[in-house]
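Fold and geometry: a report
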Amino acid sequence: MTAFKLTEMNCDLFDVPQHYSLAYTSTADFFPEKGTLAWKFSIIFGQTDQLRRQHIQCGNIAVLEENSRFIYHLVIVENTYQRSTYENLQAALICMRHHMFSTPRCRIMERSAHDKKATENCSVVHSISADFAMCRNIGLQFKCKNGQNHEMLRQDHHSGSVAVLKDHKRYVYNLVTKERQHEKSTYIALFYALLTTRDHMRQHGVRKLAIPRLGCGIDRLEWFRVKSILEMVFADDDIEITTYSHEPLISVASREQLHVHCVTCKRAF
């Protein structure tokens, strides 16, 4: 674990030694209000046109190099009229940490298709809601293949926790990233669920994971941010994570009806 020390000082940020990198919060349009700290950064370091061309989204960072240090622009709102959120700030800090520190020990490999043989000896992970109503996409496949909903319901989980099931010699990690099925997953809930997953993996010697792009389907999370969270959580763990892009199989029987077929059990819904 990287040593961390937080020191608070009453001084001008721009007077710190040159070997210190600088960070501040910014808007996605990089049009700061006059007199603000962001405005001072734009005056001193410039390159605002270059920053705007990058089209940085909220929860991400723009990085500029100035002499031998970095300037981190933490994008947490679209413009000056919006209010900052802890979720966007946390996501941006995770991205900054990923840039600051060395390559994590965990290895993340991305695959475009699911290979059953390649994941036979891997524990598997997916995201669900606290009501365990898995009725769409990858959650539907897990429900058909693994079942055991009654066992998960007895565990009484909430957003940010994990329901763990044993499947022969591997584990199935059900990451609870929202309370109800119709809601959207959040990065914060995913982060805490992954922390709990990591602790369980350490206790039981799990070294391989197979996961979909968590929350990046109907919940519209961004894979870059999800991957950054994975790298941060498992930075000190020598494990192998294989991610798979999920493409549900669908067939249209008629113009009036659309049947969705589960890839695992071939049932139509």
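Each remark here, short or long, concerns the structure printed above.
Residues numbered from 1 in each chain as written. Predicted model: local features only at pLDDT ≥ 70, side-chain atom pairs only at ≥ 80, totals over all residues. Heavy atoms only, no water.

Some words on the overall build of the protein
Condition: The helix and strand labels rest on DSSP assignments: H or I over at least four residues marks a helix, E over at least two residues marks a strand, and numbering proceeds from the N terminus. For the exposure calls, accessible area comes from a 1.4 Å probe over protein chains only, and a residue counts as buried if that area is under 20% of its type's maximum, exposed if over 50%, partly exposed in between. Contacts were defined at the residue level, with two residues in contact if any of their heavy atoms lie within 4.5 Å. Computed by Shrake-Rupley with a 1.4 Å probe, the accessible areas treat only the displayed protein chains as cover when residues are assessed.
Counting its regular elements, the protein contains seven helices and eleven strands. A buried classification covers 41% of the 269 residues belonging to the protein. At a minimum sequence separation of 6, the contacts of the protein that also span at least 24 residues come to 63%. Entry remark: accessible area of the protein is about 16,000 Å², with carbon and sulfur atoms responsible for 51%.

Some words on the pattern of salt bridges
Put simply, the rule reads: Criterion for a salt bridge: a side-chain nitrogen of Lys or Arg within 4 Å of a carboxyl oxygen of Asp or Glu.
For the coordinates displayed, the defined rule picks out eight salt bridges. A salt bridge links Arg107 to Asp238; the nearest nitrogen and oxygen atoms lie 2.7 Å apart. Of this pair, Arg107 sits in strand E4 (residues 107-111) while Asp238 sits in the loop between helix H7 (223-233) and strand E9 (240-244); the two residues are 131 residues apart in sequence, bridging distant segments of the chain. Residue Asp238 is classed as partly exposed on the basis of its relative accessible area, which comes to 38%. Glu110 serves as the salt-bridge partner of Arg213, at 2.9 Å between the closest nitrogen and oxygen. Of the two residues, Arg213 is situated in the loop between strand E8 (208-212) and H7 and Glu110 in strand E4; the sequence distance between them amounts to 103 residues. Taking relative accessible area as the criterion, Arg213 reaches 33% and is therefore assigned partly exposed. Residue class for Glu110 comes out partly exposed when judged on its relative accessible area of 35%. Connected through salt bridges with shared partners, the residues Glu110, Arg213 and Lys227 form a single ionic network.

Section: the sheet that holds strand E3 (residues 69-77)
Test applied: Two strands pair if DSSP finds at least two bridges between them. An axis is simply a line fitted to the C-alpha atoms; with a helix, the fit covers only the stretch in contact. Between two such axes, the angle follows the N-to-C directions and lies from 0 to 180 degrees.
Strand order in the open sheet formed by three strands is E1-E3-E2, and the pairing between neighbours is mixed. Where the open sheet ends on each side, the last strands, each with one partner, are strand E1 (22-27) and strand E2 (60-66). On average, adjacent strands in this sheet sit at an angle of 25 degrees to one another, irrespective of strand direction. Examined bridge by bridge, E2 and E3 share seven bridges and lie antiparallel to one another. Bridge assignment links Leu64 to a residue of E3, and that residue is Ile71. Along the sheet face, helix H1 (residues 37-45) touches E1, E2 and E3 and points at about 115 degrees away from the line of E1. Sheet strands in contact with helix H3 (residues 86-100) are E1, E2 and E3, and its direction is about 160 degrees off that of E3.

Observations regarding the packing of H3 against H7
Formally: For any helix crossing, the convention is left-handed if the near helix is rotated counterclockwise from the far helix by under a right angle, and right-handed if that rotation is clockwise. Charged residues are taken to be Asp, Glu, Lys and Arg, nonpolar residues to be Ala, Val, Leu, Ile, Met, Phe, Trp, Tyr, Cys and Pro, and polar residues to be all remaining types, Gly included.
Relative to each other, H3 and H7 sit at 60 degrees, their axes nearing to 9 Å. For the crossing formed where H3 meets H7, the hand is left-handed. On H7, the residues touching Glu87, Asn88, Ala91, Ile94, Cys95, Arg97 and His98 of H3 are Phe224, Arg225, Ser228, Ile229, Glu231 and Met232. Looking at the contact of H3 with H7 residue by residue, the class counts come to six nonpolar, three polar and four charged.

Comments concerning helix H6 (residues 187-204)
This is how the line gets drawn: Residue count minus one, scaled by 1.5 Å, sets the expected span of a helix.
Over its 18 residues, H6 runs 26 Å from end to end, which matches the ideal 26 Å to within 8%, given 1.5 Å per residue. Of all the residues in H6, the buried ones are Tyr187, Ala189, Leu190, Phe191, Ala193, Leu194, Thr197, Arg198, His200 and Met201. The secondary structure elements touched by the buried residues of H6 are H3, strand E6 (162-167), strand E7 (170-178), E8 and H7. Downstream of H6 by a residue or two, Gly205 has a phi angle that is positive, lying close to 65 degrees.

Description of the environment of Ile239
For Ile239, the position within the fold is in the loop between H7 and E9. Taking the C-alpha atoms as reference points, Ile239 and Leu209, 30 residues apart in sequence, are found 7.8 Å from one another. Here Ile239 is in contact with Arg105, Cys106, Arg107, Met201, Val206, Arg207 and Phe234, once residues within four sequence places are set aside.

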